[in-house]
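Summary of the model geometry
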Amino acid sequence: MKKILIFILFSALAINSTKENNYADADEKFYVEGDVIVVLNPTNENATIAASDFNMGSEAFRVASVATTCGAWVKNTYPELSQAGNKTFALLHSDTASTEDLISELLQRPDVVAASPNYKATVAVLPDDPLVPGTYDGLWGINYINAPDVWDMTTGGEDIYVAVLDTGIDHTNPDLTANVDTSIGKNVLSSTSNAVDDSGHGSHVAGIIGAVGNNNLGITGINWKVKLIPVKCMDSLGQGSSATILNGVNYVIDILKKNPDMKMAAVNMSLQIYSSRAPNYSNTVSDALWRGLKVLDNLNRAVIVVAAGNRSITVGQPSANGYVYPASYPGLHNMISVSAINQSSDLISSSNKGANISAPGYQIVSTYPQNIASDYTDDGVGIKQLNGTSMAAAHVSGVAALLLAAKPNRTAYQLRQAIIPGTYTASDATSLNAFTSLEYQTQNPNLAKQASSDEYDAIFSETTTTQQNTTDQNTTDQNTTQQNTTNNTVTSSSSGGGGCNMCSCAFLIPLIFFALVKKNVSC
């Protein structure tokens with residue numbers, strides 16, 4: 001009986017095996033061979049995806065079925081991201097098929113809306129000699145962006161949060177301890193709460209954003225008081241991938257969903273990915289990482305701050321090094337890409353140009369893990385000097401947190417509008433100025449709360465419209481909508497319109513599921 005059911009399932013999921021070359025051989029160095037991140041539509045247009053569906057439920061079964069049909073297995077799933085975006089996100093891996101062939105086969109399926117490589121990611125920092133205390137002002141960036149002028153009005157807020165997707169944060173550094181919220185930090189690489197920094201990069205970024213101020217210790221961050229959420233998605237070498245970044249985004253969405261009143265100013269992503277794929281419309285909407293970031297973008301609750309990268313190329317333009325991401329992604333209304341400048345307001349030689357804005361990123365001194373720091377302040381705080389667009393991005397996240405502390409009800413888009421006031425030309429990025437941004441926010445209290453819809457929003461229009469209608473309806477209509485949603489929710493125990501649309505009997509799902517899923521399938 002089991003063999004018959006599996007045969008029927010394979011027949012029902014069979015797809016055309018014709019291949020189409022979408023990725024040049026030169027692109028192979030950029031991604032993890034055999035990995036593909038796939039995004040699937042719900043089983044029917046009226047269904048909604050619940051995070052619980054991935055715990056041995058209908059979505060776990062469905063993803064495993066898709067993977068098996070393509071000769072792959074499930075490496076990871078992203079339940080919270082899938083629920084928020086009402087699309088199923090999963091990382092598949094094949095030990096026999098190439099990434100190119102696996103993508104080609106997946107994109108022929110009518111239920112697949114995106115399939116892309118698992119690109120390698122690195123932190124956007126450059127090495128430098130150890131700090132020699134007293135030889136220069138390593139905190140010049142704070143003065144350059146006029147943060148002290150803002151401190152007369154606000155020094156930050158203990159109820160304002162910034163998520164740092166990086167190598168972790170050393171909460172034992174005495175200049176970070178009070179501002180790091182270890183209760184909600186997470187290491188998404190190991191699925192534990194231990195998000196301690198074993199690289200140094202994340203702690204350096206965190207110190208720029210929010211090293212404790214006015215505590216007679218070490219340095220001061222742009223925010224004296226802020227809650228830093230360490231989300232470790234990069235390893236001790238400062239390396240990760242599209243999949244680990246999606247894990248981090250998935251976790252941030254989980255935090256926001258569980259804490260609807262949380263004031264999160266920014267999600268800082270001081271990292272860079274390179275790809276030969278141009279950021280045109282067709283490539284973008286079929287890119288799984290972009291779709292994940294678009295889900296976060298649509299929430300409009302945190303500015304997505306990304307490093308422009310450090311390969312002396314132009315954001316969004318072709319080069320021998322490929323295109324830099326996430327900085328080159330279009331269609332993300334709440335994203336700010338950041339180039340790095342020096343004390344003379346010039347882009348540093350390694351910084352990618354063409355970003356939305358520039359900020360200090362040269363000879364920046366900040367906090368470093370106590371156990372691996374080579375330099376310490378006189379009072380024993382671990383510090384280090386680093387260069388790069390990672391440091392520049394952190395300055396922008398710090399300013400976003402100051403602006404939200406001044407006006408706690410600002411949306412992410414309103415914060416972005418204040419940081420980049422008026423119009424700008426992407427190839428001539430303006431320099432970050434905290435005081436000017438605060439003035440602009442104060443003088444323009446009626447800034448648009450969200451961006452006008454564009455072609456990239458159209459692919460999410462159905463979900464967005466449904467959410468907006470639910471918000472605007474009265475209590476009676478809400479109850480009706482909730483009841484309909486409950487009836488349409490995809491769960492493993494559903495029958496008829498819900499659950500697996502390939503079987504009419506829910507009791508067959510566990511039988512087929514366990515026949516298909518091997519021990520190396522991880523959800």
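No experiment lies behind these values; they were computed from the predicted model shown.

**Let's talk about unusual backbone geometry**
Residue Pro 326 follows Tyr 325 across a cis peptide bond; omega there is 5 degrees. By the secondary structure assignment, Pro 326 is in the loop between β13 (323-325) and β14 (335-341). Residue Asn 146 is not a glycine yet carries a positive backbone phi of 65 degrees. Within the fold, Asn 146 resides in the loop between α5 (140-144) and α6 (147-151). Residue classification places Asn 146 among the partly exposed residues on the basis of a relative accessible area of 25%. The phi angle at Asn 216 is positive, at roughly 60 degrees, despite the residue not being glycine. Mapped onto the elements of the fold, Asn 216 is located in the loop between α7 (201-210) and β8 (225-232).

**Points about the sheet that holds strand β10 (residues 263-269)**
If you trace the eight strands from one edge of the open sheet to the other, you get β7-β8-β6-β10-β12-β14-β15-β19, paired in parallel fashion. This sheet does not close on itself; its edge strands, each paired only once, are β7 (186-187) and β19 (430-431). Its contacts with the sheet put helix α10 (residues 288-299) on β10, β12 (303-307) and β14, and the angle it makes with β12 is roughly 140 degrees.

**As for α10**
When the terminal C-alpha atoms of α10 are compared, their 17 Å separation across 12 residues agrees well with the 16 Å that a helix rising 1.5 Å per residue should span. Most of α10 is tucked away: 10 of the 12 residues are buried. Put simply, Asp 287 is the residue that caps the front of α10, since its side-chain oxygen is 2.9 Å from the backbone nitrogen of Leu 289. The first or second residue beyond α10 is Asn 300, which carries a positive phi of 60 degrees.

**Structural notes on the environment of Leu 332**
Along the chain, Leu 332 turns up in the loop between β13 and β14. Taking the C-alpha atoms as reference, Leu 332 lies 8.7 Å from Ile 304; in sequence the two are 28 residues apart.

**Focus on the packing of helix α11 (residues 389-406) against helix α13 (residues 434-443)**
Describing two packed helices takes the angle between their axes plus the distance from one axis to the other. Between α11 and α13, the shortest axis-to-axis distance is 10 Å and the interhelical angle comes to 35 degrees. As for how α11 packs across α13, the hand of that crossing is right-handed. Listed contacts from α13 to Val 399, Leu 403 and Ala 406 of α11 are Ala 434, Ser 437, Leu 438 and Gln 441. In the contact of α11 with α13, the residues fall into five nonpolar, two polar and no charged.

**A look at the environment of Val 212**
Of note, Val 212 is situated in the loop between α7 and β8. A C-alpha to C-alpha distance of 6.3 Å links Val 212 and Lys 225, two positions 13 residues apart in sequence. Aside from chain neighbours lying at most four places away, what touches Val 212 is Asp 175, Ala 178, Asn 179, Ile 219, Thr 220 and Trp 224.

**A few points about the pairing of strand β1 (residues 31-40)**
For β1, the tally of buried residues reaches eight of 10 residues, placing the bulk of the element in the interior. In this sheet, strand β5 (residues 112-123) lies alongside β1 in antiparallel orientation, the contact comprising six bridges. Within the sheet, the bridge partner assigned to Val 38 lies in β5 and is Ala 115. Sheet analysis places β1 next to strand β4 (residues 88-93), joined by six bridges and oriented antiparallel.

**Quick look at the confidence of the model for the protein**
For the protein, the mean per-residue pLDDT works out to 81, and 77% of the residues sit at or above 70. Under a pLDDT of 50 for its full length, residues 1-26 has, in the predicted model, 44 contacts with residues more than four places off or in other chains. This stretch, residues 422-427, has a pLDDT under 50; its non-local contacts, to residues over four places away or in other chains, come to six contacts.

**Considerations on the sheet that holds strand β18 (residues 382-386)**
Strand order in the open sheet formed by three strands is β16-β18-β17, and the pairing between neighbours is antiparallel. Looking along the sheet, the strands with just one partner apiece sit at the ends: β16 (364-367) and β17 (375-376). The sheet contact formed by β16 and β18 spans four bridges and is antiparallel. Bridging from a neighbouring strand, Val 365 pairs with Gln 385 of β18. This element, α7, spans β16 and β18 of the sheet and lies at about 100 degrees to β16.

**Observations regarding α11**
The terminal C-alpha atoms of α11, which comprises 18 residues, lie 26 Å apart, in line with the 26 Å expected from a rise of 1.5 Å per residue. Burial analysis of α11 places 16 of its 18 residues in the buried class, the great majority of the element.

**A closer look at the packing of aromatic side chains**
Scanning all chains against the criterion turns up seven aromatic pairs. Ring geometry for Trp 140 against Tyr 144: centres 5.6 Å apart, planes inclined by 85 degrees, an arrangement best described as edge-to-face. Taken together, the residues span about one helical turn, with Trp 140 and Tyr 144 both in helix α5 at a distance of four residues. The exposure class assigned to Trp 140 is buried, which follows from its relative accessible area of 8%. A centroid spacing of 4.7 Å and a plane angle of 45 degrees characterise the contact between Tyr 325 and Tyr 329, whose relative ring orientation is tilted. Owing to a relative accessible area of 5%, Tyr 325 belongs among the buried residues under this scheme. Following the ring pairs from residue to residue traces out a cluster consisting of Tyr 281, Trp 290, Tyr 456 and Phe 460. Here Arg 311 stacks its cationic end above the ring of Tyr 274, 3.8 Å away from the centre of that ring.

**A few points about the nonpolar core**
Here is a general trend for soluble globular proteins: nonpolar side chains tend to be buried in one another's company. Counting 60 residues, the largest nonpolar core has Leu 165, Met 264, Val 267 and Met 269 as the members making the most contacts within it. Other than its neighbours up to four places away in sequence, Leu 165 contacts Val 231, Cys 233, Ile 245, Gly 248, Val 249, Val 252, Val 267, Asn 268, Met 269 and Leu 271. In this structure, Val 162, Ala 340, Met 391 and Ile 420 belong to the second largest nonpolar core, which totals 54 residues.

Rules used throughout
Residues numbered from 1 in each chain as written. Predicted model: local features only at pLDDT ≥ 70, side-chain atom pairs only at ≥ 80, totals over all residues. Heavy atoms only, no water. Helix = DSSP H or I, 4+ residues; strand = E, 2+ residues; numbered from the N terminus. Buried < 20%, exposed > 50% of the residue type's maximum accessible area, 1.4 Å probe, protein only. Pairing = 2+ DSSP bridges. Contact = heavy atoms within 4.5 Å. Axes fitted to C-alpha atoms, helices over the stretch in contact; angles between N-to-C directions. Expected span 1.5 Å × (residues − 1). Polar contact = N/O pair within 3.5 Å; in protein donor to acceptor, adjacent residues only side chain to side chain. Left-handed = near helix turned anticlockwise from the far one by under 90°. Nonpolar A, V, L, I, M, F, W, Y, C, P; charged D, E, K, R; others polar. pLDDT = per-residue confidence, 0-100. Phe/Tyr/Trp six-rings, centres within 6.5 Å; stacked < 30°, edge-to-face > 60°. Lys NZ or Arg CZ within 6 Å of the ring centre and 35° of its normal. Core = buried A, V, L, I, M, F, W, Y, C linked by side-chain atoms within 4.5 Å.

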